[in-house]
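# Fold and contact review
Each chain, written out:
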Amino acid sequence: MTDLSTALSLAEVRLTPVLIADPPLLNTHGVHQPYTPRLIVEVVTADGITGVGETYGDAKYLALARELAAALPGRRVDGLNGLHALAARIPGSGAPESGVDVGGQRGVQTADKLRLSVVSGFEVACLDALGKALGLPVHALLGGKVRDAVEYSAYLFYRWAEHPGGAGQRDDWGAALDPAGVVEQARRFVRDYGFGSFKLKGGVFPPDEEIAAIRALAAAFPGRPLRLDPNGAWSVATSLYVARELGGVLEYLEDPTLGTAQMAEVAAATDVPLATNMCVTTFPEIPEAFAKGAVQVVLSDHHYWGGLLRTRELAAICRTFGVGLSMHSNTHTGISLAAMTHVAATVSDLDNACDSHYPWQTEDVITRRLPFEGGRIEVSDAPGLGVELDRERLEFLHRRWLDDDGTHRDRDDVAAMRVADPDWVMPAVPRW
Ligand SMILES: O=C([O-])C(=O)C[C@H](O)[C@@H](O)C(=O)[O-]
Ligand SMILES: [Mg+2]
């Protein structure tokens, strides 16, 4: 029998960028492209145990991931905290950038956020391998689950029936461009997945239309938690108008306006709780936002925050300051959903149902998709994440990435909208 040190040492790292199908979902910047990039990370131990992780697949994430992958062999899969220091030493990983990440809508883009997102994919892969080596589920490595299933909410989008020109894959959801369409979409989410709460991606239509959609949802599903997220598209005044109109109806309003200062102004003038995955996305953003009372719920995302261990650190900080915690999601496969579910299962005070784009992602890289039952995902007790890579599918989706002419290798919702409307530019903020 090999000793533990050999068993846990990293012999190989494989990176596989893929393109997965994405429906024409609308947001304030534009529309999703027919395919979106994700990066699948595999770490292989000296004993031949493979762990899998996933992160953003856009070119700059991939470039950094390649450098980190090259530095890993010889280290150990239980050296999780050391991953951050290792990634920080990669030349170029510290060069700050500013501006808004068009596709991800994750607030101001910085080198820190990029690096943390890359590390998250490796951390999850290492946890998966470590769990398999020790015969323990990932949640046990995080201290153990406090629930057997994690609740998710339905992620409703305004959407077209198909991509412009019939590009990509057509599904049978149809268009949803008004309150009736949104309610019909929500009914299908309830029928097919059993979700008990609803988030509508807003910032697409003038606020009164989105207020009407939320009212229609409230009438169709009385008492169910409802959220509206325009990704910072509104001014402070518009945010307060919407908060007044939907005061008794919303569980929370998500990123109504951009930046901590404006969020704080809104928060000071309404009782509707504000949630964010845009103004508090890294640890350095916390002190000012919490001191100003700018947010009442932080939507964690293990990709943003640098992995599952750091998500638990975030949970402790939120608990200390009496700020709620829930979970944001971006287009992802079942690997990230499994990772989200493991960490969510370990946080005792995760009181709001988590977001997940997963129902919109019909293409996957795992052999058995994770099923929602009653809006919940069961927490796996199998060693590691409890998912298995489907190598044929991985190869197929990687082939699509290889064959792509570059159009889809970086998510760009503005460019996708321009296909339908050649005059479309990134909307100025506030849009309303
Ligand atoms: O809650 C959010 O802000 C998101 O889920 C960000 C995403 O980029 C979303 O807006 C999308 O996929 O269109
Ligand atoms: Mg959001």
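Residues numbered from 1 in each chain as written. Chains lettered and ligands numbered in written order. Predicted model: local features only at pLDDT ≥ 70, side-chain atom pairs only at ≥ 80, totals over all residues. Heavy atoms only, no water.

Moving on, we come to the overall build of the protein. Of regular secondary structure, the protein possesses 15 helices and 12 strands. Relative to a compact globule of 432 residues, whose C-alpha radius of gyration would be 22 Å, the protein shows 21 Å and is just as compact. In terms of its C-alpha atoms, the protein occupies a principal-axis envelope of roughly 65 × 50 × 45 Å. Restricting to contacts in the protein with at least 6 residues of sequence separation, those with at least 24 account for 73%. (Helix = DSSP H or I, 4+ residues; strand = E, 2+ residues; numbered from the N terminus. Rg over C-alpha atoms; globule rule 2.2 N^0.38 Å. Contact = heavy atoms within 4.5 Å.)

The next point concerns the pairing of strand β6 (residues 198–201). Every second residue of β6 is oriented toward a common face, with Phe 198 and Leu 200 on one face and Lys 199 and Lys 201 on the other, all of them buried. Where strand β5 (residues 154–157) and β6 come together, four bridges link them in parallel fashion. Each bridged residue has a counterpart across the sheet, and for Leu 156 the counterpart in β6 is Leu 200. Following the chain from β5 across helix α6 (residues 179–193) to the adjacent parallel β6, one finds a crossover that is right-handed. Two strands pair when backbone bridges link them, and β6 and strand β7 (residues 226–229) are joined in this way by four bridges, in the parallel orientation. For Lys 201, the partnering residue across the bridge sits in β7 and is Asp 229. Crossover handedness for the path β6 to helix α7 (residues 207–220) to β7: right-handed. (Buried < 20%, exposed > 50% of the residue type's maximum accessible area, 1.4 Å probe, protein only. Pairing = 2+ DSSP bridges. Right-handed = clockwise from strand over helix to strand, strands pointing away.)

Time to look at the site of ligand 1. Neighbouring residues of ligand 1: 18 residues in total, closest Asn 27, His 32, Gln 105, Tyr 155 and Lys 199. Within the contact set of ligand 1, an oxygen atom lies 2.7 Å away from a side-chain nitrogen or oxygen of Asn 231. For ligand 1, an oxygen atom lies 3.0 Å from a polar atom in the side chain of Asn 277. In the complex, the protein chains occlude 100% of the 330 Å² of accessible area that ligand 1 would expose alone. (Near = heavy atom within 4 Å. Polar contact = N/O pair within 3.5 Å; in protein donor to acceptor, adjacent residues only side chain to side chain. Areas by Shrake-Rupley, 256 points an atom, 1.4 Å probe, with all protein chains shown as cover.)

For the rest of this paragraph, the subject is empty space enclosed by the protein. In total, this model carries two cavities of 30 Å³ or more according to the counting rule given. In this model, the second largest cavity occupies a volume close to 40 Å³. Lining the second largest cavity, in full, are Arg 38, Tyr 56, Asp 301, His 303, His 328, Ser 329, Asn 330, His 332 and Met 340. (1 Å grid on protein atoms, 1.4 Å probe; cavity = no way out; pocket = protein on both sides within 12 Å on 5 of 7 lines; lining within 4 Å. Points joined across faces, edges and corners; volume = space filled by probe spheres on them.)

It is worth spelling out a nonpolar patch on the surface at this point. Nonpolar side chains collect at one region of the surface, where Leu 4, Leu 134 and Leu 136 lie side by side and expose about 240 Å² of accessible area between them. Among the secondary structure elements, Leu 136 is positioned in the loop between α4 (111–134) and α5 (138–141). Accessibility expressed as a relative area gives 34% for Leu 136, which makes it partly exposed. (Patch = residues over 30% accessible without salt bridge, like charges linked within 9 Å, V, L, I, M, F, W, Y side chains within 5 Å. Salt bridge = Lys/Arg side-chain N within 4 Å of Asp/Glu carboxyl O.)

Glancing now at the nonpolar core. Judged by nonpolar contacts, the single largest core of 127 residues is most densely connected at Phe 122 and Val 298. With 10 residues, the top contributor of residues to this core is α4. (Core = buried A, V, L, I, M, F, W, Y, C linked by side-chain atoms within 4.5 Å.)

Let us look at the domain arrangement of the protein. By domain assignment, the protein separates into domain 1 (4–136 + 391–402) and domain 2 (140–378). Once you take the C-alpha centre of each, domain 1 and domain 2 turn out to be 23 Å apart. Taken residue by residue, the interface counts 47 residues in domain 1 and 50 residues in domain 2. Summed over both sides, the interface of domain 1 with domain 2 buries roughly 4000 Å², with 64% coming from carbon and sulfur. Three residues stand out in domain 1 for area buried against domain 2, namely Pro 24, Leu 26 and Glu 54, and they jointly supply 16% of the buried area on that side. Where Arg 400 meets Glu 363, a salt bridge forms, and the shortest distance between an N and an O atom there is 2.6 Å. Taken together, the links from domain 1 to domain 2 amount to 16 residue pairs in polar contact (both at pLDDT 80 or more). For the side of domain 1 that touches domain 2, the element with the most residues is α4, which contributes 11 residues. (Domains from an automatic or database assignment. Buried area = accessible area lost by both parts, 1.4 Å probe.)

Another aspect to go through is the sheet that holds strand β3 (residues 50–56). Taken in spatial order, the three strands make up an open sheet running β1-β2-β3, and their pairing is antiparallel. Either end of the sheet is taken by a strand with one partner, and the two such strands are β1 (10–21) and β3. Taken over all neighbouring pairs, the strand axes of this sheet differ in orientation by 20° on average, direction set aside. Judged from the seven bridges that link them, strand β2 (residues 35–45) and β3 form a sheet pairing that is antiparallel. Paired with Ile 40 across the two strands is Glu 54, which belongs to β3. (Axes fitted to C-alpha atoms, helices over the stretch in contact; angles between N-to-C directions.)

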